[in-house]
Amino acid sequence: MSRQWLKEQERGSPVLVRLMLRIALHTPRFVARLVLLPITGYFFIAAPAPRRASRLFLRRVLGRRPGAWDILRHIHTFASTILDRVYFLAGEHARLDVRLHGFEDLKAHAATGRGAILLGAHLGSFEALRALAVEDSSIRLKVLMYADHNQTVSRLLHELNPAVAETIIPLGTLDSLFKVRECAEEGYLIGMLGDRVAESDKCVRCTFLGDEVVFPAGPMILAHTLRLPVFFVVGLYQGGNRYDLHFERLTEHVALGRPQDPEKLRAHTQAYADRLEHYVRLAPYNWFNFHDFWHEDSNRH
């Protein structure tokens, strides 16, 4: 898996982002969605690397050569979820049709006061989960994320709802693990994404969409260390104003042994990769890893 996502330039000036926020909050949603059309066209023309990554991914998951319309649809789906982040964070859920699947199991677990790992991906909207946690007081959530990535969009969106910003535990700091352990012991659910590898990450090779890909080992090692169950979570955008949030218990306990058994680590990570593939095939245009995930371009040279 490519680590280039960490080096990607953030697109969009603060002025443009603020203008989009004003349009989203002060006009009907269908008006704001009209603005997505030129934005989609702009990124289709001006962002060749994401466009190429979209084509490579769609060819793999659709089993055919994707056309320009497929790539435009892919970019437009991504833009739609960014727009809807505004509504999720502003508490304007009435504009959206959010349906929950498997949520009762997670809610029952949260009621025990025990922490858990909520493992998501760059698939659909993770923001929907964060907004749900703010709205439902029974779900106490902290989210591990790289706070320095896409700072402009993240900072402005968090201005809409400071309560969401307070749920973040920044990755890459010396006390990140200490904060995670402390929150888990207090019964918080720890949300994180498991489909991108950072520079210092320990990796595991798993089968995904017909090929071997490296996934970060950190989520399963963390679950093992803290003795926490792991739930797979994903918020799929289904078009229009509909989102389907899925919650699945992956495992009650990640037992890797001492010393950690690489095969057990791979088996647990593969279980995550299998559920990720399931949902990727259900909603392929929700895949928002716009980089060369399989190194297909580099493998040709």
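Everything discussed here concerns the structure shown above.
Residues numbered from 1 in each chain as written. Predicted model: local features only at pLDDT ≥ 70, side-chain atom pairs only at ≥ 80, totals over all residues. Heavy atoms only, no water.

S.K.: Before we go on, may I ask you to explain the environment of A111 in this structure?
M.R.: Structurally, the position occupied by A111 is in helix α5 (residues 103-111). Overall, A111 belongs to the exposed group, its relative accessible area being 66%. Along the backbone, A111 and I139 are 28 residues apart, and their C-alpha atoms lie at a distance of 8.4 Å. (Helix = DSSP H or I, 4+ residues; strand = E, 2+ residues; numbered from the N terminus. Buried < 20%, exposed > 50% of the residue type's maximum accessible area, 1.4 Å probe, protein only.)

S.K.: Whenever I open this one, the nonpolar core confuses me. Can you help?
M.R.: Side chains of nonpolar character tend, in soluble globular proteins, to be buried together. Within the largest apolar cluster, 47 residues are counted, with the highest numbers of intra-cluster contacts made by I117, L123, F208, L276 and V280. With six residues, helix α11 (residues 262-282) is the single largest residue contributor to this core. Excluding its chain neighbours within four sequence positions, the residues that come into contact with L276 are A121, L123, D195, F208, F215, F232 and W287. Counting 32 residues, the second-largest nonpolar core is a separate cluster that includes L21, F88, A116 and L132. (Core = buried A, V, L, I, M, F, W, Y, C linked by side-chain atoms within 4.5 Å. Contact = heavy atoms within 4.5 Å.)

S.K.: Looking at this structure, how should I read the side chain of R33?
M.R.: Secondary-structure assignment places R33 in helix α2 (residues 29-46). No salt bridge is formed by the buried R33, whose closest oppositely charged neighbour, D84, lies at an N-O distance of 5.1 Å. Those residues in contact with R33, other than ones at most four positions away along the chain, are H76, S80, L83, Y237 and G240. (Lys, Arg positive; Asp, Glu negative; His and termini not counted. Salt bridge = Lys/Arg side-chain N within 4 Å of Asp/Glu carboxyl O.)

S.K.: Before we go on, may I ask you to explain the sheet that holds strand β5 (residues 189-193) in this structure?
M.R.: To summarise the sheet geometry, strands pair through backbone hydrogen bonds and adopt either a parallel or an antiparallel arrangement. As summarised here, the arrangement of the seven strands in space is β1-β9-β8-β2-β5-β3-β4, forming an open sheet in which the pairing is mixed. The sheet terminates laterally at β1 (97-101) and β4 (168-170), the two strands that pair on one side only. With strand direction ignored, the average angle separating the axes of adjacent strands in the sheet is 25°. Looking at chain direction, strand β2 (residues 116-120) and strand β8 (residues 230-237) are connected through three bridges and run parallel. For L119, the partnering residue across the bridge sits in β8 and is F232. (Pairing = 2+ DSSP bridges. Axes fitted to C-alpha atoms, helices over the stretch in contact; angles between N-to-C directions.)

S.K.: Teacher, can you tell me more about the pattern of salt bridges here?
M.R.: A side chain with one charge can pair with a side chain of the opposite charge if their charged atoms come near. Under the defined criterion, the tally for this structure stands at 14 salt bridges. D175 is the salt-bridge partner of K179, the closest N and O atoms lying 3.6 Å from each other. D175 sits in the partly exposed class, given a relative accessible area of 33%. Ionic pairing is found between R281 and E277, a salt bridge with its closest N-O pair at 3.1 Å. Linking R281 with E277, this pair stays in helix α11, spanning four residues, or about one helical turn. The class for E277 is buried, based on a relative accessible area of 18%. Linked by salt bridges that have partners in common, D105, R114, R249 and E252 make up one network.

S.K.: Sorry, what's going on with the packing of aromatic side chains here?
M.R.: For any two aromatic rings, the description comes down to two numbers: the centre-to-centre distance and the angle of the planes. In the structure shown here, the tally under the stated rule is 16 aromatic pairs. Taking 5.7 Å as the distance between ring centres and 50° as the angle between the ring planes, the aromatic pair formed by F232 and Y272 counts as tilted. Of this pair, F232 sits in strand β8 while Y272 sits in helix α11, placing them 40 residues apart in sequence. Accessibility expressed as a relative area gives 1% for Y272, which makes it buried. Site record: aromatic cluster; members linked through ring pairs are F57, F208, F215, F232, Y272, Y279, W287 and F293. The ring centre of F44 lies 5.7 Å from the NZ or CZ of R51, which sits over that ring. The cationic tip of K142 hangs over the ring face of Y188; the distance from NZ or CZ to the ring centre is 5.2 Å. (Phe/Tyr/Trp six-rings, centres within 6.5 Å; stacked < 30°, edge-to-face > 60°. Lys NZ or Arg CZ within 6 Å of the ring centre and 35° of its normal.)

S.K.: How should α11 be read in this particular structure?
M.R.: An α-helix turns once per 3.6 residues; consequently, residues spaced three or four apart project the same way. Here α11 contains 21 residues, and its C-alpha end-to-end distance of 30 Å stays within 8% of the 30 Å for a straight helix at 1.5 Å per residue. Those residues of α11 that fall on the buried side of the exposure criterion are L265, H268, T269, Q270, Y272, A273, L276, E277, Y279 and V280. For α11, the capping residue at the N-terminal end is D261, with a side-chain oxygen 2.9 Å from the backbone nitrogen of E263. (Expected span 1.5 Å × (residues − 1). Polar contact = N/O pair within 3.5 Å; in protein donor to acceptor, adjacent residues only side chain to side chain.)

S.K.: Help me out: how do you make sense of a nonpolar patch on the surface in this one?
M.R.: Residues F30, L34 and L37 make up a contiguous nonpolar surface patch of about 340 Å² in total accessible area. Relative to the helices and strands, F30 is located in helix α2. For F30, a relative accessible area of 59% translates into the label exposed. (Patch = residues over 30% accessible without salt bridge, like charges linked within 9 Å, V, L, I, M, F, W, Y side chains within 5 Å. Areas by Shrake-Rupley, 256 points an atom, 1.4 Å probe, with all protein chains shown as cover.)

S.K.: Explain the pairing of strand β9 (residues 242-251) to me, please; I cannot follow it from the model alone.
M.R.: A regular strand carries its side chains on alternate faces of the sheet. Taken together, the five bridges between β1 and β9 define a ladder with parallel strand orientation. If you follow R99 over to β9, its bridge partner there is D244. When β8 meets β9, the two strands line up antiparallel, connected through eight bridges. The partner of F231 across the bridge, within β9, is R249. Connecting the antiparallel pair β8 and β9 is a turn made up of four residues, with G239 showing a positive phi of about 95°.

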